[in-house]
Structure formats: C-alpha cells, structure tokens
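# Topology and contacts: notes
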Amino acid sequence: MHVGTQQFSTSDHDLEFLARHGVTAKNENNITFHREYGWDVKELIEKKERCERFGVDMEMVAIPVHSLGVDGCSTPHYMRGRYDEGDKEIDLVCNMIRQAAEAGIPAVKYFLCEMENQRTESVPLGRGNSRYSTWDLEKADDSPRYDEPLTAEQNWERITYYLERVVPVAEECKVRMACHPCDPWLPAGFKGVDRVLGGPEGFRRFITICESDYHGVNLCLGCMAEASTDPRNEVPEIIRYFGSRNKIFLCHFRNIVGGRNKFQEVWPDEGVMSMHRNIRALQEVGYPHMVVPDHAPGHPDSDAYQAWAYEFGYIQAMIQSVTDED
C-alpha cells in the first residue's frame, strides 16, 4: 500500500508538492466532462503521463456523479428511479469506464447515494482554530428530500439496476469500480429516506450483487466510524472483512470524534480510532492500493497545503510503522 491523494491539480506546482511529501498515486477528479460522451481519452492520457513525470501514478479517476443529471440535480436520475434519463446516464458511465481502460487507468471511484451528504455547522472549533466538518442529527434540517418516502427496498432495486448494467462493462474492461459510502450513516426515515449504503451492513450486501473481481468498495474509515457504536474496535474488523475478500480498491484514512448521529472529522491522531490498528489491519489483509486522506480539517493558514502535508506525513509514517514490523 502507498500514500495517495484525490486532491490537487496536475500543475507542476501541485505535482512537485505531492512528490515532495511522498505521495506516489492519485485519484484524479479534474477531468473535463462532456455530456455527449464522457471523457476525452487524449486528456486522460496526457494527465496520466504528466503525473508519471513526477513519480505519481494516476491509478484511478472519479466518475463525475454530481454532473450526470441533465436537470442539474446532484443525484442522478437512476438513483431517483427515473430510467428514461437514468439509462442515458448509465450509458455515459459505461463509456467512461471504457475510456479509462483505453487510457491505461485501472480503477474508477463513484458512489450510489439517494441524496446529498449531510453536515451541520462546524462547531466547536478544534485545536489551533481548526474547522472540523460536523454532523449533529439533533441540529439538522429533517425536511423530506422527496415528495414520496424512499424505502430501503426501492433503494436496493435502483442500486441493483445500476450494477447489473455497469459491472459487466467493468469486468470486460478490467477496470476496478470502488464505491464510496453515502456520508453519513443515517437512521431509517431521515428526510423520508431509508439510506442503505451508509455503513458496513449495506456494503456487505452490496458486494454480493453482481459478484466480480472488479466490483468493490472505496472503504472510507471515517464513514465506517460514523456508522459504528464502537469505532475503535469495530473498524479494524470491518477492514478485515472486506480486505480478506479483496474488495477494498481505495481506502480513505481519516478519524472522527463522536460516533453515530453526532461527530466531527478531526486530525488523524486525535480521534476515537487507533489509526495504527487500522493500518495494521490493512497490512494483515495485504491491501495493495492507495491510502488517501480524503478530507483534512480547515485552518486559518493562508492555504490548505499545510493540512495536507501533515496528513501525508502521518499516513506515510503509519505505513512504515507496519511494513517495518515484517
């Protein structure tokens, strides 16, 4: 396993910064999206080659899920049960998988969420006036998301519909598909929605639909902690469950304080989880891909590079701490 990122551009400045801090892999989010056909393979190849010149492997690209809906809604039609437009969106996803394969990129990241991520005001502030992404169910707007309730059964039907059409293309192209959880875990019926991919229970069912070596998860340790009642002990076992089945294609490495329904995303050394226990579990299952600080706390410094440098160094040290044990 190795340190990766899903932030930063492919400018000389940013790639030098990544190389300087031991980042050797990238999940690229900034690819021009064309509604008619998806991506330009030429752009994918150019960005991949540019990263390689700095010793960074562009080993994954992110499907622009929020941009797929022609009506401007961040939730695609296929997750709203509207297949007249949803089928067109799924065809675009399949085309982007083929384009990634043509460019020599072996993995894509995506998500299957029925509504937007949920957060509340970032209070209290953390150490050094850090701003922590925060969720407090008691302070949240719980107004219904849709005109009619969305049941778990309906959600699973839509997820299955998508997977049955997309996973065979991924298998044919030999492109791994890493699905991120819906953030955060929510109690059934919040906003009139039964969320099913907010935690490990849903992911256990998810990987049994259209079973394939190319169908797996982006295991976000922060999301797993947010869904747990005992994150310190439960999350290493979650890693072992999915890792022993070779289903982890990307790992988001972040910590929280709190737990279900009330938490803050904090610096990796100050949360409720032992990140050393988590990295050891990844090592035990032979996890071979990126370990990524998906988010970092905000801070009053002039730019965000300070936070990312800390995160990269922390992960690098964690990886060395377990590889040196072998």
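Here we come to the nonpolar core. Membership of the largest hydrophobic core comes to 90 residues, with the highest contact counts inside it found for Tyr110, Leu112, Tyr162, Leu197 and Phe206. When near neighbours in sequence (up to four residues on either side) are disregarded, tyrosine 110 contacts Ile63, Val65, Tyr162, Leu163, Met177, Ala178, Cys179, His180, Phe206 and His215.

Read around the barrel, eight strands follow the order E1-E2-E3-E4-E6-E7-E8-E11 and close on themselves; strand pairing throughout is parallel. Adjacent strand axes in the sheet meet at a mean angle of 30° when their direction is disregarded. When strand E7 (residues 215-220) meets strand E8 (residues 248-252), the two strands line up parallel, connected through four bridges. Looking at E8, one finds that asparagine 218 is bridged to leucine 250. Relative to the sheet, helix H2 (residues 41-52) contacts strand E2 (25-28) and strand E3 (57-62), its axis offset from that of E3 by approximately 140°. Packing of helix H9 (residues 305-323) onto the sheet brings it into contact with strand E1 (2-5) and strand E11 (290-292), and relative to E1 it is tilted by some 155°.

Moving on, we come to unusual backbone geometry. For the bond running from valine 123 to proline 124, omega is -5°, close enough to zero to count as cis. Its location among the elements puts proline 124 in the loop between strand E4 (107-111) and strand E5 (134-136). Going from aspartate 183 to proline 184, the amide bond is cis rather than trans, its omega being 0°. Summarising the element assignment, proline 184 is placed in the loop between strand E6 (176-180) and helix H5 (200-206). Positive phi is not limited to glycine here, since phenylalanine 8 has a value of about 80°. Its place among the elements puts phenylalanine 8 in the loop between E1 and helix H1 (12-20). Of note, the phi angle at cysteine 210 is positive, near 55°, even though the residue is not glycine. Given a relative accessible area of 25%, cysteine 210 falls into the partly exposed group.

Between H1 and H9, the least distance of the axes is 11 Å, while the angle of their chain directions is 30°. In terms of axis orientation, H1 runs roughly parallel to H9. Judged by residue contacts, His13, Asp14, Phe17 and Leu18 of H1 engage Tyr305, Trp308, Ala309 and Phe312 from H9. Residue composition of the contact of H1 with H9, grouped by class: six nonpolar, one polar and one charged.

What counts as what
Residues numbered from 1 in each chain as written. Predicted model: local features only at pLDDT ≥ 70, side-chain atom pairs only at ≥ 80, totals over all residues. Heavy atoms only, no water. Core = buried A, V, L, I, M, F, W, Y, C linked by side-chain atoms within 4.5 Å. Buried < 20%, exposed > 50% of the residue type's maximum accessible area, 1.4 Å probe, protein only. Contact = heavy atoms within 4.5 Å. Pairing = 2+ DSSP bridges. Helix = DSSP H or I, 4+ residues; strand = E, 2+ residues; numbered from the N terminus. Axes fitted to C-alpha atoms, helices over the stretch in contact; angles between N-to-C directions. Parallel < 35°, antiparallel > 145°, perpendicular 65-115°, else oblique. Nonpolar A, V, L, I, M, F, W, Y, C, P; charged D, E, K, R; others polar.

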